[in-house]
Amino acid sequence: MTEIVVRYEDKIIERVITEKKRISIGRNSDNDIVLDNRGVSRQHAVIEVNAQNAVIIDNESLNGTFVNNRRVEEEVLRDDDVVTIGKYSLTFRPNASDPSVSELDGTMVLRTKKQRERLETDRRDRDVLTRAGTAAVLMAEGETDAEEIRLGGATVTFGTANFVNVRVRGWFVPDIQAKITPQDAQYVLTNVGHRQKTRVNGVPVDEVVLKNSDLVQIGRSVFRFICGGA
């Protein structure tokens, strides 16, 4: 029985115990091991298990699969090998010995509360993008009249004037404070007003490529950026 201990930033978030002969790993929720991070491809890698050994195979992922800090395309796994994918590390153990799961049929995943919440957020985000029919959306978190801003192929402007796309709140916010522009399948937030009044995850920015789940604050208005991607 195979055991895989998943860590995120050195904290254990789940323990996977399985008898499956093929274990898929990726960002999509239909994988056996779901790694919710932009550095992880939808179908990132797979572990093939047989009577002799276990082999991890990279699915031509964008950011690569690493075994013991060495990038691999295909590698035989040994006991306590560490697979690194994005910000996650997966410790491989071919012989799970927990007696409580000795009669297990299929796969057991013991997830932390944080991981369950992350998976639920990921599910809701996919529903939002499907409903919106766009590649990216800004969801209002507070201090704005707009609940959902769909981002497509045109620049979206933010400020206090009547002519901007999204009106925001806050003292001393100019007519146009910021804009989001699509560039090469990404979305770039650019500050064009007071620097301290355009922030991403609490940090003032001049220009930044937005990442999934970034918190964008313009004036007092706060939005969460949701996007799909490979």
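Report on the accompanying structure.

Conventions we followed
- Residues numbered from 1 in each chain as written.
- Predicted model: local features only at pLDDT ≥ 70, side-chain atom pairs only at ≥ 80, totals over all residues.
- Heavy atoms only, no water.
- Helix = DSSP H or I, 4+ residues; strand = E, 2+ residues; numbered from the N terminus.
- Buried < 20%, exposed > 50% of the residue type's maximum accessible area, 1.4 Å probe, protein only.
- Core = buried A, V, L, I, M, F, W, Y, C linked by side-chain atoms within 4.5 Å.
- Contact = heavy atoms within 4.5 Å.
- Pairing = 2+ DSSP bridges.
- Phe/Tyr/Trp six-rings, centres within 6.5 Å; stacked < 30°, edge-to-face > 60°.

**Remarks on unusual backbone geometry**
One non-glycine residue, D184, lies in positive phi territory at about 50 degrees. Relative to the elements of secondary structure, D184 occurs in the loop between strand 17 (178-183) and strand 18 (186-191). Judged by relative accessible area, D184 falls into the exposed class, the value being 76%. Positive phi values are uncommon outside glycine, yet N201 reaches one of about 55 degrees. Position of N201 relative to the elements: it lies in the loop between strand 19 (198-200) and strand 20 (203-204).

**As for the nonpolar core**
Formed by 23 residues in total, the largest nonpolar core has its most connected members in I4, V6, I33, L35, I47, Y88 and L90. Elements with a contribution of two residues or more to this core: strand 1 (2-8), strand 2 (11-18), strand 3 (22-26), strand 5 (45-49), strand 6 (54-58), strand 10 (82-85) and strand 11 (88-93). When sequence neighbours within four positions are dropped, the list of residues in contact with L35 reads V6, I25, G26, R27, V40, I85, Y88 and L90. Within the second largest apolar cluster, 21 residues are counted, among which are V156, A178, I180 and V216.

**Observations regarding the sheet that holds strand 3**
Reading across from one edge, 4-3-5-6-9 is the order of the 5 strands in this open sheet, with mixed pairing throughout. Of all strands in the sheet, those with a lone pairing partner are strand 4 (33-34) and strand 9 (74-77), marking the two edges. Pairing geometry for strand 3 and strand 5, over 4 bridges, is antiparallel. Residue pairing across strands places I23 opposite I47, the latter belonging to strand 5.

**Here's the deal with the sheet that holds strand 15 (residues 156-159)**
The strand order across the open sheet built from 5 strands is 16-15-17-18-21, with neighbouring strands paired in mixed fashion. Edge strands, defined here as strands with exactly one partner in the open sheet, are strand 16 (166-167) and strand 21 (207-209). Bridging between strand 18 and strand 21 involves 3 bridges; their strand directions are antiparallel. Considered in strand 21, the bridge of T190 is made with E207.

**A closer look at the packing of aromatic side chains**
Two descriptors summarise a pair of aromatic rings, namely the distance from one centre to the other and the angle between the planes of the rings. Tallying each qualifying case throughout the model produces 3 aromatic pairs. Here the aromatic rings of Y8 and Y88 are separated by 4.9 Å at their centres, their planes lie at 55 degrees, and the arrangement is tilted. One end of the pair, Y8, is in strand 1; the other, Y88, is in strand 11, with 80 residues separating them in the sequence. Both residues of the pair, Y8 and Y88, count as buried.

**Side note on the pairing of strand 1**
A regular strand carries its side chains on alternate faces of the sheet. Counting buried positions along strand 1 yields 6 of 7 residues, so the element is predominantly enclosed. One ladder, built from 7 bridges, connects strand 1 with strand 2; its direction is antiparallel. Paired with E3 across the strands is I17, a residue of strand 2. Hairpin connection of strand 1 to strand 2: 2 residues between the antiparallel strands, including E9 at a positive phi of 50 degrees.

**Considerations on the pairing of strand 6**
Among the 5 residues in strand 6, 4 count as buried, and that is most of the element. Sheet topology places strand 5 next to strand 6; 5 bridges connect them, and they run antiparallel. Bridge pairing links V46 to I57 in strand 6. Taken together, strand 5 and the strand that follows it, strand 6, pair antiparallel across an intervening segment of 4 residues.

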